Amino acid sequence: MAAEKKNILTYEGLKKLEDEIQDLKVVRRKEVADKIKEAREQGDLSENAEYDAAKEEQREIEARIEEIEKILKNAEVVDEEEVDVDTINIGCKVKVYDMEYDEELEFRIVGSTEASSLEGKISNESPVGKALLRHKTGDVVQVETQAGVIEYKVLEIQKSI
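Residues numbered from 1 in each chain as written. Predicted model: local features only at pLDDT ≥ 70, side-chain atom pairs only at ≥ 80, totals over all residues. Heavy atoms only, no water.

> How should the pattern of salt bridges be read in this particular structure?
Two side chains bearing opposite charge may form a pair once their charged atoms approach each other closely. This model, assessed by the stated rule, comprises 16 salt bridges. For Glu-12, the salt bridge identified is with Lys-121, shortest N-O distance 3.0 Å. On the criterion of sequence distance, the pair formed by Glu-12 in helix H1 (residues 11-41) and Lys-121 in strand S5 (residues 121-123) is long-range, its members being 109 residues apart. You can call Glu-12 partly exposed: its relative accessible area is 38%. (Salt bridge = Lys/Arg side-chain N within 4 Å of Asp/Glu carboxyl O. Helix = DSSP H or I, 4+ residues; strand = E, 2+ residues; numbered from the N terminus. Buried < 20%, exposed > 50% of the residue type's maximum accessible area, 1.4 Å probe, protein only.)

> What should I look at first to understand the layout of surface pockets in this one?
Using a probe with the size of a water molecule, rolled over the atoms, empty space left in the structure can be pinpointed. In this model, the largest pocket occupies a volume close to 190 Å³. For the largest pocket, the lining is made up of 13 residues, of which Lys-16, Leu-17, Thr-113, Glu-114 and Ala-115 are closest to its centre. Breaking the lining of the largest pocket down by element, the ones donating at least two residues are H1 and helix H2 (49-73). For the lining of the largest pocket, the element with the highest residue contribution is H1, accounting for four residues. Looking at the lining of the largest pocket, its residues break down into four nonpolar, three polar and six charged. (1 Å grid on protein atoms, 1.4 Å probe; cavity = no way out; pocket = protein on both sides within 12 Å on 5 of 7 lines; lining within 4 Å. Points joined across faces, edges and corners; volume = space filled by probe spheres on them. Nonpolar A, V, L, I, M, F, W, Y, C, P; charged D, E, K, R; others polar.)

Have a look at this one:
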């Protein structure tokens, strides 16, 4: 069996997953169990939409718990306080200049588990994240994307905390 891929997380990402699994196990499991109990009390389960919906919700909760446990089992936490800001690495906040669109962008480089484009968190495995890794302030980085080659100039590297 191949070794499972390490899930690289920041402390923030680890805490978020731990909080979510705690909520799922303690709060959501009880809520859905109550819904199932209520639906059972209504009688005939063969035509009971509330029962079917509650069972489906229960399956989704259990699947998410299993997914989070798997992520946490293979988690490798990056200590953002010890991140070297001489080069771009996971746990860095990076300010770049998009040379084509003449604008500054800011990214946090995180593991794929935490990536969220809406929050400016990009994965170290994404085309942009992968291309930026190990570059220094002042470097011009070419990123191969589906839309073609994008050039970013690295303006600043900081610890993301």
